[in-house]
Amino acid sequence: AKGRGGRMTSETTALLNQKTAEDIQHECQRAHPSTVLIFEAGTELPDHHPFLTALRDSNCLFDKKFSKRNEVCLIISAPDETHPDFKLTAHKLKLRLPVKRAYGGGYRPYDPSLEEVYGNEHDWGEGRIFSSLSHYKVVEHLLSKCFQSEIMSEREQLTALKQKVVDQFPAHFANREFLSNKWTKMGIFEPQPLEDIREYMGEKVAFYFAFLDHYTRHLWLPGMAGIFVFVCQMISLSTTGSINNPAVPIYCAGMALWAVWVIKRWRCEQHLLQLKWDTADMLQEVRFSRYHKDTVLSATSEDEPLTDFHLYGRRFLALIVIFCFVCIVVLTVVLIKTMEWAITPTWGSWGPLFAGVLSAASIIGLNLLYDFVVAKLNDFEKWQTEQTAEDGLIYKAFAFRFFNAYFMLFWVSFFQDHIQVFGHVMKCPGGKCLPVLALNLATVFATQIVVQQATEVLVPKLKATLLADAGAAFSAGEELRESASDGDLQGVNEEIVTDIHSRAPASRLFEDFNELVIQFGYVTMFAGAFPLTSTLALVNNLIEQRTDALKMVEVCRRPMGKAATGIGSWLNLLEILVLASIVVNVFLCAVTSHALYFYWPNMTENENLWALIIIEHVFLGLKVCIETFLLDTSPAAEEAEARGNAEWKAKKRSIEKARASRGQTPWGEGPGGPPAPLTSTSGLTQRRPAPSSTYPDYGATAAPYQAAPSGPPTVPSFGGAPQPPPQYLPSYGQQAPPYGGQGGGSGPYGSGAGPVY
């Protein structure tokens, strides 16, 4: 189809250039999923370094390159087709793989005896059982062993090398382009492709986008109602000179109950996703922080553990720092409101507008300063796991951002008419603070969402541009500078080159969640003053879904696919905001707007106070009723899940019985020995000794015993150092039968053979 003048139209060109699902699968099957480890410029990593030696001993394939900034880029891969221990490691890590629809669908932990039931049946799938994200998790586990050593001299070299790690991330894979086209160009009413996101970026990222989609869908009702209430306020302003009208308390009550409903429904939806992704009973993935002695990239693995006195002392110091920043917020708000009171007689209506923009700028600036300080402070506290460190960072960040974002609004709503500042009582014009609150909320909220959307993609783009300008940009066809190291990995693909040189570091969900939680507070607590807040939030989130997707797959490096059972501590903060929304909305109607007088015009001040207390308790009771009678789980979904688990176990037993009747091992091989060694046509080699026996449980190849003059036989370990034979099988805890003979005599594994772990 050609346009005018015989030229191809842009739509037709884009359609012809778009890759089909078959093309994507073909590229994925030919490529090796890779992990990139970047060391700082000038790092010495010779071919005989203990880390590279450990990589070779663990049968990992790698290629060492140098960027134009002289950074050492180590590209590591462990293809499941050729790596002898890949499936053993996947089984040990309990990687959850997609199951074919014929076997019930969903996700199940990998079991080597059921390999034929697994398969990715997405329309854009990679055409293999193990996704590129699964490869990254296996490589990460192998790296954790490569950074450990029993020899003191090697341990010192590995510790020094850990300190020079700049970044570690899974490289974008060949199906990134297909996911980008599907995700970033979806319609307004289309749901997020959560299955694809989970498969490519892990459960943690998928749960974030699931909550964003859930929250955005529920914003349609208050967004449309907000437009109606805002029109009513404008009519009231034109007729009575005030935005107070009978619709305000109804809208405030509705928003308080809406907040309770949204969070309750999210708990149910989160549980359904847990059942679907088989993470309901999964323990939170324990990933040690850089201060734990067992972490992969620990920079202080030799540090002595802190005593309880020092730990609590550091926590107390963090509280002092937070208190100091809160005092700065209070002082900033007082100064801005004093300036507004001074310039309003001269500037007129421009004075409050200028003060609102200045308040938004101060909020953004203090947030940036505090984020820098709190990151150092959280690092100073030396949390032992990544999860506890993340939780500590979340709570400390929220404690400050809550005051920073809402204190000025609280000041206008409840204190401005009653407190003297520098000897002056800065009362609201005519004693009506609701219009002042509405103007401040509109200015602050609109300014913040504009700045956030502008920086959502522009800041990562700017980082990538600066990275390219620093000397790492590539011209067409240019490759990474080769090193002299031989790691057997051939053909670094174009995505890895782009990851290293043209993409910003992986996006942090911490910032994205922070924006959503603070926005939720604006929408639920103060929407009665400016009802268009929910409408603006809806428009912002519809754009946010696309910008976040674009940032994840195009602008930034691929995030580390972390397991998760939900949105974690952010749900606790949302519950706090739900409770605060009930209290604030009741006070907003009874104290700030005096809207209750529309329904009870003859109330005295004492009666107004009693009405406030009674209404607040009624809504708190309604919150308890909603949370009590609406279940977090779906009985039908749990029943279906239990039925699916029973069917899965029955199918598993039938497959195992059928294999046992044929005399096959759990790997599907016959009793005649281990499978034939897999070779690759791309120059991949195996460094493990030739197989001579079969591991009794998994079928992994084992090296023969070396004859010894006396004593029990020895089993070579991964590093090649002889070890005494273990007495228990590590996976199932079965008692190993005694070894027969001495010095390589016959035993339960055959003549002179033993297990390799």
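What you see is a predicted model, and the numbers here were worked out from it, not measured in a lab.

Of note in the backbone geometry, Asn 59 takes a positive phi value of approximately 65 degrees without being a glycine. Mapped onto the elements of the fold, Asn 59 is located in the loop between helix H3 (50-57) and strand E2 (61-66). A positive phi angle, near 55 degrees, is found at Lys 94, a position not held by glycine. Structurally, Lys 94 is set in the loop between helix H4 (86-93) and strand E4 (96-98). Classification of Lys 94 by relative accessible area gives exposed; the value is 56%.

We now examine helix H10 (residues 220-240). Helix length check: H10 (21 residues) gives 30 Å between terminal C-alpha atoms against 30 Å at 1.5 Å per residue, within 8%. Elements that come into contact with the buried residues of H10 comprise helix H9 (203-218), helix H11 (247-276) and helix H18 (532-555). Phi turns positive one or two residues past the end of H10, at Gly 241, with a value near 80 degrees.

Chain-level statistics for the protein give a pLDDT mean of 74 and a share of 72% at 70 or above. Confidence, read as mean pLDDT per element, is least for strand E10 (residues 693-694) in the protein (34) and greatest for H9 (93). A low-confidence stretch, residues 291-304 (pLDDT under 50), is modelled with 35 contacts involving residues beyond four sequence positions or located in other chains. In this model residues 668-757 is a low-confidence stretch, pLDDT under 50, and it forms 150 contacts with partners more than four residues away in sequence or in other chains.

Mapped onto the secondary structure, Pro 222 falls in helix H10. Classification of Pro 222 by relative accessible area gives buried; the value is 3%. Once residues within four sequence positions are removed from consideration, Pro 222 is found in contact with Tyr 251, Met 255, Trp 258 and Ser 534.

This part is about empty space enclosed by the protein. Evaluation of the coordinates by the stated rule reveals six cavities of 30 Å³ or more. Considering only enclosed or pocket space, the largest cavity measures out at about 60 Å³ in volume. Every residue lining the largest cavity is listed: Val 329, Thr 332, Val 333, Ile 336, Ser 359, Ser 362, Ile 363, Leu 366, Asn 404 and Met 408. Where the lining of the largest cavity is concerned, the elements lending two or more residues are helix H12 (308-347), helix H13 (350-380) and helix H14 (386-415).

Another point: the environment of Tyr 208. Looking at the secondary structure, you find Tyr 208 in helix H9. Setting aside residues no more than four positions away along its own chain, Tyr 208 makes contact with Leu 509, Asp 512, Phe 513, Leu 516, Glu 544 and Asp 548.

Turning our attention to the pairing of strand E1 (residues 34-39). Among the six residues of E1, six are classified as buried, and the element is accordingly described as predominantly covered. Here E1 shows no split at all, with Ser 34, Val 36 and Ile 38 on one side and Thr 35, Leu 37 and Phe 39 on the other all buried. Note that E1 and strand E3 (residues 72-77) share six bridges and pair antiparallel. What sits directly across from Val 36, in E3, is Ile 75. Here E1 runs beside strand E6 (residues 165-170); their pairing, made up of five bridges, is antiparallel.

What follows concerns a nonpolar patch on the surface. A cluster of nonpolar side chains, contributed by Trp 347, Trp 350, Leu 353, Phe 354, Val 357, Leu 358 and Leu 439, occupies part of the molecular surface with about 640 Å² of accessible area. Sort the elements by how many residues they give to the nonpolar patch and H13 lands first, with five residues. Residue position: Val 357 is located in helix H13. Residue Val 357 is classed as partly exposed on the basis of its relative accessible area, which comes to 40%.

As a further point, take the nonpolar core. Within the largest apolar cluster, 112 residues are counted, with the highest numbers of intra-cluster contacts made by Trp 183, Phe 209, Trp 258, Tyr 406, Phe 520, Tyr 522 and Ile 567. Per-element tally for this core: the top contributor is H14, with 15 residues. In this structure, Trp 258 is in contact with Tyr 215, His 218, Leu 219, Pro 222, Phe 520, Val 523 and Thr 524, ignoring residues within four places of it in sequence. Counting residues in each nonpolar core, the second largest holds 34 residues, with Leu 37, Val 72, Ala 78 and Val 165 among its members.

Moving on, we get to the pattern of salt bridges. Applying the stated criterion across every chain, the model contains 19 salt bridges. Ionic pairing is found between Lys 396 and Glu 381, a salt bridge with its closest N-O pair at 2.6 Å. Of this pair, Lys 396 sits in helix H14 while Glu 381 sits in the loop between H13 and H14, placing them 15 residues apart in sequence. Overall, Lys 396 belongs to the buried group, its relative accessible area being 8%. Given a relative accessible area of 2%, Glu 381 falls into the buried group. The structure contains a network of salt bridges with shared partners spanning Arg 198, Glu 199 and Glu 203.

Both the distance between ring centres and the angle between the ring planes are used here to describe each pair of aromatic rings. In total, this model carries 33 aromatic pairs according to the counting rule given. With a centroid separation of 6.1 Å and an interplanar angle of 10 degrees, the aromatic rings of Phe 211 and Tyr 215 are classed as stacked. One end of the pair, Phe 211, and the other, Tyr 215, are both in helix H9, four residues apart, so they sit about a helical turn from each other. Here the two residues Phe 211 and Tyr 215 agree in accessibility, since each one is buried. Grouping aromatic residues by their ring pairs yields a cluster made of Phe 398, Phe 402, Phe 403, Tyr 406, Phe 410, Phe 414, Phe 445, Tyr 522, Phe 526 and Phe 587.

Calculation criteria
Residues numbered from 1 in each chain as written. Predicted model: local features only at pLDDT ≥ 70, side-chain atom pairs only at ≥ 80, totals over all residues. Heavy atoms only, no water. Helix = DSSP H or I, 4+ residues; strand = E, 2+ residues; numbered from the N terminus. Buried < 20%, exposed > 50% of the residue type's maximum accessible area, 1.4 Å probe, protein only. Expected span 1.5 Å × (residues − 1). Contact = heavy atoms within 4.5 Å. pLDDT = per-residue confidence, 0-100. 1 Å grid on protein atoms, 1.4 Å probe; cavity = no way out; pocket = protein on both sides within 12 Å on 5 of 7 lines; lining within 4 Å. Points joined across faces, edges and corners; volume = space filled by probe spheres on them. Pairing = 2+ DSSP bridges. Patch = residues over 30% accessible without salt bridge, like charges linked within 9 Å, V, L, I, M, F, W, Y side chains within 5 Å. Areas by Shrake-Rupley, 256 points an atom, 1.4 Å probe, with all protein chains shown as cover. Salt bridge = Lys/Arg side-chain N within 4 Å of Asp/Glu carboxyl O. Core = buried A, V, L, I, M, F, W, Y, C linked by side-chain atoms within 4.5 Å. Phe/Tyr/Trp six-rings, centres within 6.5 Å; stacked < 30°, edge-to-face > 60°.

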